[in-house]
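Notes for the structure review
Now for the letters of each chain:
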Amino acid sequence: MARLADYFIVVGYDHEKPGSGAGLGKIIQRFPQKDWDDTPFPQGIELFCQPSGWQLSRERKQPTFFVVVLTDIDSDRHYCSCLTFYEAEINLQGTKKEEIEGEVEVTGLIQPAEVFAPKSLVLVSRLYYPEIFRACLGLIYTVYVDSLNVSLESLIANLCACFVPAAGGSQKLFSLGAGDRQLIQTPLHDSLPVTGTSVALLFQQLGIQNVLSLFCAVLTENKVLFHSASFQRLSDACRALESLMFPLKYSYPYIPILPAQLLEVLSSPTPFIIGVHSIFKTDVHELLDVIIADLDGGTIKIPECIHLSSLPEPLLHQTQAALSLILHPDLEVADHAFPPPRTALSHSKMLDKEVRAVFLRLFAQLFQGYRSCLQLIRIHAEPVIHFHKTAFLGQRGLIENDFLTKVLNGMAFAGFVSERGPPYRSCDLFDELVAFEVERIKVEENNPLKIIKHVRELAEQLFKNENPNPHMAFQKVPRPTEGSHLRVHILPFPKINETRVQELIQENLAKNQNAPPASRVDKKCVVPAGPPVVSIMDKVKTVFNSAQRLEVVRNCISFIFENKTLETEKTLPAALRALKGKAARRCLTDELGLHVQQNRAILDHQQFDYIIRMMNCTLQDCSSLEEYNIAAALLPLTSAFYRKLAPGVSQFAYTCVQDHPIWTNQQFWETTFYNAVQEQVRSLYLSAKEDNHAQHLKQKDKIPDDQYQEKTAMDLAAEQLRLWPTLSKSTQQELVQREESIVFSQAIHFANLMVNLLVPLDTSKNKLLRTSAPGDWESGSNSIVTNSIAGSVAESYDTESGFEDSENNDIANSVVRFITRFIDKVCTESGVTQDHIKSLHCMIPGIVAMHIETLEAVHRESRRLPPIQKPKILRPALLPGEEIVCEGLRVLLDPDGREEATGGLLGGPQLLPAEGALFLTTYRILFRGTPHDQLVGEQTVMRSFPIASITKEKKITVQNQLQQNMQEGLQITSASFQLIKVAFDEEVSPEVVEIFKKQLMKFRYPQSIFTTFAFATGQTIPQIILPKQKEKNTSFRTFSKTIVKGAKRAGKMTIGRQYLLKKRTGTIVEERVSRSGWNEEDDISVSDESELPTSTTLKASEKSTMEQLVEKACFRDYQRLGLGTISGSSSRSKPEYFRITACNRMYSLCRSYPGLLVVPQAVQDSSLPRVARCYRHNRLPVVCWKNSRSGTLLLRAGGFHGKGVVGLFKSQNSPQAAPASLESSSSIEQEKYLQAILSAVSVHQKLRGNNTLTVRPALALPPVIM
């Protein structure tokens, strides 16, 4: 039994607190005056009575009614029904009369009211019966406004003392004592939401697509905001959207009507469902992360920053089609020439249930088989159940679907598992649907008639839940006289006698206490498990693992344990290929388990190596797609197989399979732990039944032996939950202690397993901990309390354990932190006491320390084992003149996706992976080896390409296909579309790999073109002293220009000196280089922005160079155009305004300009380098042509050397950056240089007789940048 109304409140306008803007409300009276023990009085109710603000009105408005939802601190909802009417404001009226009394003639007549204030009658309840609340409040208002001869005190007392039976389809007929007769109809099931017609109304307002978008937004925990001009429409829309989520329950803020004073709640970072009045729509449209639905306009707005996940196909299409069949039945026959008579829509209440039935079918399809993924951890005293999300997603084929992933990770689904996980409870429509009807839904998905039939069947059940008795008793509630609110003279709502109301409430409560309680006991039953999880898509998949492939795996394992080495070598490659399939991996774990006796299996060295390779191959693809089952099955085997290294020293398999990331995945350990605990709990109650109650149950319930043995953990849990109330206190306490001891013992066992897999054999490398993802390795616990315990234990271990000076301290600390967090999470969720958790924390550091000490001896002895015999390295045949730079490094050539079989498209044995060596010569990079597959025969695998064609090389981590572990590798890409992808053998140290890479880069980007293979082959090249440079991608344009220049000048001239720039010292070093057979000026290793200081004075050694420059055709062409003479070449007969300079004779000023340049006569050669610095590639403005008739000049230059933001910072931070004074002087020299050009052009034009006012010189220069 529950109270119909917890509180009745009268709220009015507050005149004592006039605000600067909108007014305020205050509670005038409340009944009862004291809070109920089980229901506190809701705070802030006056804000929600007038959500738009307390405002006076010039006219008397119609009474309004709406329902507000308040949520208390315990997440319990209180439904506040508000009936608001307007009454004359006497205080303001009197004040106004006094103010105008001197101007208006007093007639003695009562003036009609001109100002009206709102007043609200509020009924607070934990039950949702909006129509009953509307009738009760309307009855109180009717008695007041029509002045009926009924005591308001008795009405309110009867209302507050009325009790309603619990859900179950019962009826409650009651009367408040004002000639009314009312009936309350309770639903059959509390768990099913009661919607009336709100869902149908929501689809009518927004349409199918918009409602589906809001549905997906709520399920994926986005913010949803409704706005409308009607408060009741807001309340109905929010309730309708929430009811569509059934069987999930919304657990975030739910405020159907938000007051104006609380609009800042919309900036909350948490998801919500909120409704606001349309007068605030301009304010809410500024929200960037909120999906806004306009109920009046029928639109929704999804911000661009929100990625809204949609339902997975084909469920989305099926849901849209089913909704269209229900809401638009005439759509399919709209184009028929002779359409059938118009199909009438179901009445609104049934249409509402049909729409809900479609969504109920959707959830049944989404969660099909969810009970098979429940993991039972504890049964007593309360069931503790965990949901295996990864297994569910993997088996459904939706591992990459972000919608279902978000739903399963949400708080709503966590509540779903907590509420519906227990196997013995009261069931409802959804439990039956998901267990028995999913197959029917799948079969009928393409038949519209059958879909409609099934939907209507479900709708009938939903309708019956809300209306279990179709022939309801006659209801009679007096209504106010039409237009009564417009009467001129209505007295204010009277003050109610609080003492009288309290007395009447106590009398009614005393009567109800004497009456027998009509409480309803929930009928509990065993929840049907339903079929197992199946894929959501009916895809025809090729069977990867045939019976023959599974037989190959079995035969290979048999050969290994029978010590048939030759047969093992033949079948091992095929078995490793077969292990790419899940069925073969499962077969491997089953077969290996058969060879384990008493949890141990000793192997010789060869057998141990074979088993390790197969285990690594099985684990390499183990990920979330495998649901962790394969790794969990291999987990006990890693501690079972071992070999003897020395007396008292044994090496277990777990030391060789640690390089897989699954061991650092906390979800894997949690899931495996929960599975182990579930099996132990099942064994506990199964053995107890066999010992104590088996014979009794067989005789009483006639349960066959085979059926009894097949009981799952959930079946046993359901039986235990059914028997729990009948057990004695001592028996109950004993069962609780047994279950806790199971969890505690499993926690110790898993702590040891985790230590085995997480502590590396070679503790100096710490490879596993470095490569593990931070999110997995350092993933925190959900328990706030136990986090502090884990932290304190880790700190105490660091400072007080005595191992802080050990070199393995970092490894130990990392492992301890990981295991303690795992222990925190699983033990807290499993209900282990804090004392046991603390004892586990104190135990873990000692286990880790002892294991590290044991591994030191194992590592020492394992290094003494003879190396595994490996194929002989085959030396490649070299080209004439080709030499090996780097001896062969033993590698494994990995498949790179290209054709790998000798038979081409027709098939054949695979050539890759191949074992061999990687060589580096002066011309190419080359691999030569043999295929690992024995069936290939005596073939040789070679792959090579020239060093000069290499475009990219990068360091990668490669899965060694032979040893089945992760190794450092190298991937080299060629411009000839070739690829070499290798994994280095264990014997190749990282230092050797680095030397190999440096040599590769040295020959890929040589310091001089003459060191390349094309030039060096067959010639004796003297040692060249080259500058030390960074290893970077030097351009080959410089080499090509050098070759062209050398071809032109070979045999004609000899450049005796060459300038080399040493970046370290910034100085110029002159060297004389003589080459046999080559007379060529070598390339200058100078960057485009650097300049070399030159001198106009020619040294004696450079006279021959100048003579040859003068003989060039370009010099004669300059003289023909009248552009001046070279400096010092001859005496000037007439003034020249341009001259020819040889400052670029060594191409040190600008590489892309010729050796002779035409510059203004007034500019000295010493200033040209500073001017050139201001232009890209040092291409300063120079004259290249002149018109012989008009004297028009043509100049060429590069763009200004403007710097971007990044370049600006680089130049400022670079140690080679020019000082500010140098840059400033360059700008000044640039300005002088441009001025000299303009002056020379203008003077030249005047001498030619041109008018500068009418004829402009054809000179185009960019604006000067100072």
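Higher on the page you've got the structure.
These remarks concern the structure in this document. (Residues numbered from 1 in each chain as written. Predicted model: local features only at pLDDT ≥ 70, side-chain atom pairs only at ≥ 80, totals over all residues. Heavy atoms only, no water.)

Moving on, we come to the packing of helix H18 (residues 565–578) against helix H20 (residues 605–619). Across the interface, H18 lies against H20 with an axial gap of 11 Å and an inter-helix angle of 5 degrees. Accordingly, the angle class assigned to the pair H18 and H20 is roughly parallel. For the pair formed by H18 and H20, the contact residues are Thr565, Thr568, Glu569, Leu572, Ala575 and Leu576 on the first element and Gln606, Tyr610, Arg613, Met614 and Cys617 on the second. (Axes fitted to C-alpha atoms, helices over the stretch in contact; angles between N-to-C directions. Helix = DSSP H or I, 4+ residues; strand = E, 2+ residues; numbered from the N terminus. Parallel < 35°, antiparallel > 145°, perpendicular 65-115°, else oblique. Contact = heavy atoms within 4.5 Å.)

Looking now at the nonpolar core. Phe8, Phe226, Phe367 and Trp669 are the most contacted members of the largest nonpolar core, which totals 256 residues. No other element matches helix H25 (residues 729–758), which puts 13 residues into this core. If we skip the residues at most four places from it in the chain, Trp669 touches Leu635, Ile662, Trp663, Phe750, Leu753, Met754, Leu757, Phe818 and Phe822. Judged by nonpolar contacts, the second largest core, of 33 residues, contains Ile1140, Val1159, Val1171 and Leu1180. (Core = buried A, V, L, I, M, F, W, Y, C linked by side-chain atoms within 4.5 Å. Buried < 20%, exposed > 50% of the residue type's maximum accessible area, 1.4 Å probe, protein only.)

Moving on: the pattern of salt bridges. One pass over the full model with this rule turns up 37 salt bridges. For Arg378, the salt bridge goes to Glu739, with nearest N and O atoms at 3.1 Å. With Arg378 in strand E15 (residues 374–378) and Glu739 in helix H25, this residue pair connects regions lying 361 residues apart in the sequence. Using a relative accessible area of 0% as the deciding quantity, one classes Glu739 as buried. One salt bridge connects Arg875 with Glu887, and the closest N-O pair in it is separated by 2.9 Å. Highlighted residues: Arg875 in the loop between helix H30 (834–862) and strand E22 (884–893) and Glu887 in strand E22, separated in sequence by 12 residues. Among the ionic contacts, a cluster of salt bridges with common partners joins Arg3, Asp6, Asp38 and Arg126. (Salt bridge = Lys/Arg side-chain N within 4 Å of Asp/Glu carboxyl O.)

Burial runs high along strand E4 (residues 64–71): six of the eight residues are buried. Note: E4 against strand E5 (residues 77–88), eight bridges, orientation antiparallel. Of the residues in E5, the one forming a bridge with Thr71 is Arg77. Between E4 and E5, which pair antiparallel one after the other, the connecting turn spans five residues, and Ser75 there sits at a positive phi close to 65 degrees. (Pairing = 2+ DSSP bridges.)

Looking now at the packing of helix H19 (residues 582–594) against helix H21 (residues 629–638). Direction vectors running N to C along H19 and H21 enclose 20 degrees, while the axes themselves pass 10 Å from each other. When the axes of H19 and H21 are compared, the pair comes out roughly parallel. Regarding H19 and H21, the two cross each other, and that crossing is left-handed. The segment H19 lies against H21, with Lys582, Arg585, Arg586, Thr589, Leu592 and Gly593 engaging Asn629, Ile630, Ala633, Leu634 and Leu637. The class makeup of the residues in the contact of H19 with H21 is five nonpolar, three polar and three charged. (Left-handed = near helix turned anticlockwise from the far one by under 90°. Nonpolar A, V, L, I, M, F, W, Y, C, P; charged D, E, K, R; others polar.)

Quick look at the pairing of strand E12 (residues 273–277) now. Of all five residues that make up E12, five are buried, and the element is covered over most of its length. On E12, burial covers both faces: Ile273, Gly275 and His277 on one face and Ile274 and Val276 on the other are all buried. One ladder, built from five bridges, connects strand E10 (residues 223–228) with E12; its direction is parallel. The residue bridging His227 from the neighbouring strand is Val276, located in E12. Pairing between strand E11 (residues 254–255) and E12: two bridges, direction parallel. Residue pairing across strands places Ile255 opposite Ile274, the latter belonging to E12.

So, about the sheet that holds strand E14 (residues 299–301). Pairing within the open sheet is mixed, and its five strands lie in the order E11-E12-E10-E13-E14. Edge positions in the open sheet fall to E11 and E14, since each of these has one partner strand only.

Across residues other than glycine, the phi torsion is negative in most instances, and most of the peptide bonds are trans. In the segment running from Phe31 into Pro32, the intervening peptide bond is cis, with an omega of -10 degrees. Along the chain, Phe246 connects to Pro247 via a cis peptide bond; the corresponding omega equals 15 degrees. Take Pro247: it is sitting in the loop between helix H7 (231–243) and E11. A positive phi angle is found at Ser75, which is not glycine, with a value near 65 degrees. Looking at where Ser75 falls in the secondary structure, it is placed in the loop between E4 and E5. By relative accessible area, Ser75 is classed as exposed at 58%. The phi dihedral of Asn1178 is positive, around 60 degrees, even though this residue is not glycine. Locating Asn1178 in the fold gives a position in the loop between helix H36 (1168–1172) and strand E33 (1182–1186).

Scanning the model with the defined rule gives 32 aromatic pairs in all. Geometrically, the ring pair formed by Trp669 and Phe750 is edge-to-face, given 6.4 Å between the ring centres and 90 degrees between the ring planes. Taken as a pair, Trp669 in helix H22 (residues 666–701) and Phe750 in helix H25 lie far apart in primary sequence, 81 residues in all. Classification of Phe750 as buried rests on a relative accessible area of 3%. Aromatic rings pair up to connect Phe203, Phe215, Phe359, Phe363, Phe367, Tyr370, Phe387, Phe392, Phe413, Phe416 and Phe430 into one cluster. Arg77 extends its terminal NZ or CZ atom over the ring of Tyr254, reaching a point 4.0 Å from the ring centre. When the ring centre of Tyr128 is taken as origin, the NZ or CZ atom of Arg239, which lies over that ring, is 3.7 Å away. (Phe/Tyr/Trp six-rings, centres within 6.5 Å; stacked < 30°, edge-to-face > 60°. Lys NZ or Arg CZ within 6 Å of the ring centre and 35° of its normal.)

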